[in-house]
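Examining the three-dimensional arrangement
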Amino acid sequence: MDAERLATILAAILVLLGSSQCYTAGAENRHVFLDWEVSYAVRSPLGVAKRVIAINGRLPGPMLNLTTNDVAHVNVVNTLDEPFLLTWNGLQMRRNSWNDGVAGTNCAIPPGENWTYVFQAKDEVGSFFYRPSLGLHAAAGGHGPIRVNNRPVVAVPFDQPDGEFDVLIGDWYNMDVKVSSSCVLHLAVGSSLFLEQEMKGYLDRGRDLPSPDGILINGLGPYAADFTFKPGRTYRLRVSNVGTRTSLSFRIQGHKLQLVEAEGTYTLQKHYASLDVHPGQSLSVLVAADQPPRPSYYMVVSSLFIKPELFGVGNVLYAGSGGRPPPPGDAPLEDLSSHNGYDRSMEQARTVRMNLTCGAARPNPQGSFRYGRINVTRTILLRNGDAEVGGRRRCTVNGVSFADAATPLKLADHFDVAGVFAVVSGRPERRRQPSLGTAVIDARYRDFVQIVFENRLPSLQTWHLDGYSFFVAGMGWGKWSPDARLKYNLIDAIYRSTVQVYPASWTAVLVSLDNEGMWNLRSQSLDRRYLGQEIYIRVSQGSSEVPNPRDELPMPSNALLCGKAMSLKLGRA
């Protein structure tokens, strides 16, 4: 059989396999090939039909199952009637912001076309998820779980569980994300009431979103998600908050949760009755099926810091116990209500710490990187706020509300296209009037930086940094000052990529800038990000130095071009 015919047969096999995960073994790294079709579907998890975004017809979408150092090739086919991108929440995309999947790094995949993401899960393990990154798409679904497993030569710091479950939790709105293009053609002039029945209309008109309509577990409404345990066994639950903006409390009736991992870091193994999971955060817990068998125990996910309290309820079924769970009306929700406040939540957050004695992606202990002994070279202070900009309510970072550019910032930087973004200081500027801008903070490769998030608003904020994890060194009430460093945890702070900042408080993180590229730093509350609460950090060796491919990968040959980069050819790279 000649090589050309063999290649044709292999390609046909890949097409037939569709959404299945395919592997090829190389001399060093395993390659994983997937085909994902993005489409609209209609779902009614809370009894109201809504147009959602499905991956291969599913919500949640298929799991991306990798092992440390695997190379993923994810071919995304966009069958929507609008541009689309996926981003990989928590994966560090080492040396490869070209595949980060946000508007500042990638041109969107046009309707009816496809694009293949190629990235490596380099030196990381853990529980993560993917989701859409453009506009308000994430409120319509399009998300799914990511697992990055340990290599066989690296021990996991707990006994192998008898099974694993991905548990994607989140708030849910019955209202559509936006009016479809077909509906717009039939709208009467001045029909503002209709426009305000979709999320985009609320936000564009300066209004806060109403409270969510409910809480989903794995895309399902109350009592619809089942998890079957065998008595005497232990299970790993990988929990991610994929919702729009609501902090959640996760617990299982009658069972303890043993926290073992948070976004790629193995934690001190402490038991909790319930755990807070803020927007965009992921964690793993071990749950022992050690309770008396009965038809069902309830998995309860309740909203935090909003009234009225909302509940998502699933069923933990003990195999062999017989029968189905009791009717939903019998669930003792009033007994399981969280009754949680900000003080209790911050106290819990401070107990989540890194396990210094074990390895993660590598055999050496996680604590061998003694971050507390490294001199901080720079402090970036980011203060979020709300302001009226151009007659419209916006969210700001240091007085600037982010405006997406037609040309991705990564392309503009690569091709040296002027006028696409503005470099800012990374500190609040006095007497600055709130304004729109495409803001980028310049940072030097290999620096060790302190980022302080200061929240003067009455609502909790969450922040996520693409391309990195950071040490959550401290958090406290009021304004941050340099004296706060005296109370930092400089020994075993949790190392993660998404952190909460409580109302009228601050959170400080320490990050080693060892990943060159253009990286998005954003609010994980979708409404606030939509209104401008994000910024980019450009990590580079300086304009006088030629990028080293060992530090940053070259522009991929399949890169899409758009905006001012449309007329440029790859030969200019």
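So, a few notes on the structure that sits alongside this text.

Counting across every chain of the model gives 23 salt bridges. Note that Arg393 and Asp208 form a salt bridge whose closest N and O atoms lie 2.8 Å from each other. Of the two residues, Arg393 is situated in strand β22 (residues 392-397) and Asp208 in the loop between α4 (199-204) and β11 (214-217); the sequence distance between them amounts to 185 residues. You can call Asp208 exposed: its relative accessible area is 51%. Note that Glu552 is salt-bridged to Lys410, the shortest N-O span being 2.2 Å. Taken together, the residues span a long stretch of sequence, with Glu552 in the segment after β34 (534-540) and Lys410 in helix α7 (residues 409-415) at a distance of 142 residues.

It is worth spelling out the nonpolar core at this point. The biggest cluster of nonpolar side chains holds 106 residues, and the ones touching the most others in it are Trp88, Tyr117, Val167, Phe229, Leu237 and Phe250. At 4 residues, strand β2 (residues 30-43) tops the list of elements feeding residues into this core. Once residues lying within four places of it in the same chain are set aside, the contact partners of Trp88 are Trp36, Leu64, Val74, Met93, Asn99, Asp100, Tyr117, Phe119, Phe129, Tyr130 and Ile146. Formed by 19 residues, the second largest nonpolar core is a distinct cluster that contains Phe402, Leu409, Leu411 and Phe415.

This part covers the pairing of strand β5 (residues 71-78). Most of β5 sits out of view: 7 of its 8 residues are buried. In this sheet, strand β7 (residues 114-120) lies alongside β5 in antiparallel orientation, the contact comprising 7 bridges. Each residue of the ladder has a partner; that of Val77, found in β7, is Asn114.

A separate point is the layout of surface pockets. Of the voids in this model, the largest pocket is the one considered here, and its volume is about 1,200 Å³. Along the walls of the largest pocket sit 45 residues, with Gln92, Arg94, Lys122, Asp123 and Asp514 positioned nearest its centre. Mapped by element, the contributors of at least two residues to the lining of the largest pocket are β7 and β32 (505-512). Take the lining of the largest pocket: its biggest share by element is 4 residues, from β7. Looking at the lining of the largest pocket residue by residue, the classes come out as 19 nonpolar, 15 polar and 11 charged.

Right, let's get into empty space enclosed by the protein. This model, assessed by the stated rule, comprises 7 cavities of 30 Å³ or more. Taken as a whole, the largest cavity encloses approximately 130 Å³ of empty space. Lining the largest cavity are 17 residues, and of these His143, Asp171, Trp172, Leu216 and Val242 lie nearest its centre. The biggest single contributor to the lining of the largest cavity is strand β10 (residues 163-172), with 5 residues. Looking at the lining of the largest cavity residue by residue, the classes come out as 9 nonpolar, 6 polar and 2 charged.

So, on to the sheet that holds strand β20 (residues 311-318). Pairing within the open sheet is mixed, and its 5 strands lie in the order β12-β20-β19-β14-β17. The open sheet has two free edges, formed respectively by β12 (226-229) and β17 (275-277), since each of these has just one partner strand. Across the sheet, the mean angle from the axis of one strand to that of its neighbour is 25 degrees, orientation sign disregarded. With 5 bridges joining them, strand β14 (residues 248-252) and strand β19 (residues 297-303) adopt antiparallel strand pairing. Bridged to Ile252 within β19 is Met299.

Another point: the packing of aromatic side chains. This model, assessed by the stated rule, comprises 23 aromatic pairs. A ring pair is formed by Phe471 and Tyr495, whose centres lie 4.6 Å apart and whose planes are at 35 degrees; its orientation type is tilted. Of this pair, Phe471 sits in strand β29 (residues 470-477) while Tyr495 sits in strand β30 (residues 495-496), placing them 24 residues apart in sequence. Given the relative accessible area of 5%, Phe471 is considered buried. Tyr495 sits in the partly exposed class, given a relative accessible area of 25%. Taken together, the ring pairs in this structure connect Trp36, Trp88, Trp115, Tyr117, Phe119 and Tyr130 into an aromatic cluster. Its guanidinium or amino end placed over the ring of Tyr40, Arg51 lies 3.8 Å from that ring's centre, counting from NZ or CZ. A cation sits over an aromatic face here: Lys270 above Tyr272, 5.6 Å from the ring centre.

Let's shift gears to unusual backbone geometry. The step from Leu59 to Pro60 runs through a cis peptide bond, and the omega angle for that step is -5 degrees. For Pro60, the position within the fold is in the loop between β3 (50-55) and β4 (64-67). In this structure, the amide linkage connecting Lys307 to the following residue, Pro308, adopts the cis form with an omega of -5 degrees. Its place among the elements puts Pro308 in the loop between β19 and β20. Its identity is not glycine, yet Asn398 carries a phi of approximately 50 degrees, on the positive side. The residue Asn398 is located in the loop between β22 and β23 (400-402) in this model. Residue classification places Asn398 among the buried positions, given a relative accessible area of 12%.

For the rest of this paragraph, the subject is the state of the cysteines. Counted according to the given criterion, the structure contains 1 disulfide. Here Cys107 connects covalently by a disulfide to Cys562, the sulfurs 2.1 Å from one another. Handedness here is read from the sign of the S-S torsion; for Cys107 and Cys562, about -90 degrees, the answer is left-handed. Separated by 455 residues along the polypeptide, Cys107 in the loop between β6 (86-89) and β7 and Cys562 in the segment after β34 bring together distant segments of the chain.

Reading across from one edge, β24-β26-β34-β33-β28-β31 is the order of the 6 strands in this open sheet, with mixed pairing throughout. Either end of the sheet is taken by a strand with one partner, and the two such strands are β24 (422-424) and β31 (498-501). For this sheet, the mean inter-axis angle between neighbouring strands, taken without regard to orientation, is 30 degrees. The sheet contact formed by strand β33 (residues 517-523) and β34 spans 6 bridges and is antiparallel. Residue Arg522 lies in a different strand from β34, and its bridge partner there is Glu534.

Relative to the helices and strands, Asn96 resides in the loop between β6 and β7. With a relative accessible area of 6%, Asn96 lands in the buried category. In terms of polar contacts, Asn96 uses its side chain to reach the backbone carbonyl oxygen of Val118, at 2.9 Å. When neighbours within four sequence positions are excluded, Asn96 is seen to be in contact with Val118, Phe119, Asn515, Trp519 and Leu553.

The rules behind the values
Residues numbered from 1 in each chain as written. Predicted model: local features only at pLDDT ≥ 70, side-chain atom pairs only at ≥ 80, totals over all residues. Heavy atoms only, no water. Salt bridge = Lys/Arg side-chain N within 4 Å of Asp/Glu carboxyl O. Helix = DSSP H or I, 4+ residues; strand = E, 2+ residues; numbered from the N terminus. Buried < 20%, exposed > 50% of the residue type's maximum accessible area, 1.4 Å probe, protein only. Core = buried A, V, L, I, M, F, W, Y, C linked by side-chain atoms within 4.5 Å. Contact = heavy atoms within 4.5 Å. Pairing = 2+ DSSP bridges. 1 Å grid on protein atoms, 1.4 Å probe; cavity = no way out; pocket = protein on both sides within 12 Å on 5 of 7 lines; lining within 4 Å. Points joined across faces, edges and corners; volume = space filled by probe spheres on them. Nonpolar A, V, L, I, M, F, W, Y, C, P; charged D, E, K, R; others polar. Axes fitted to C-alpha atoms, helices over the stretch in contact; angles between N-to-C directions. Phe/Tyr/Trp six-rings, centres within 6.5 Å; stacked < 30°, edge-to-face > 60°. Lys NZ or Arg CZ within 6 Å of the ring centre and 35° of its normal. Disulfide = S-S within 2.5 Å. Polar contact = N/O pair within 3.5 Å; in protein donor to acceptor, adjacent residues only side chain to side chain.

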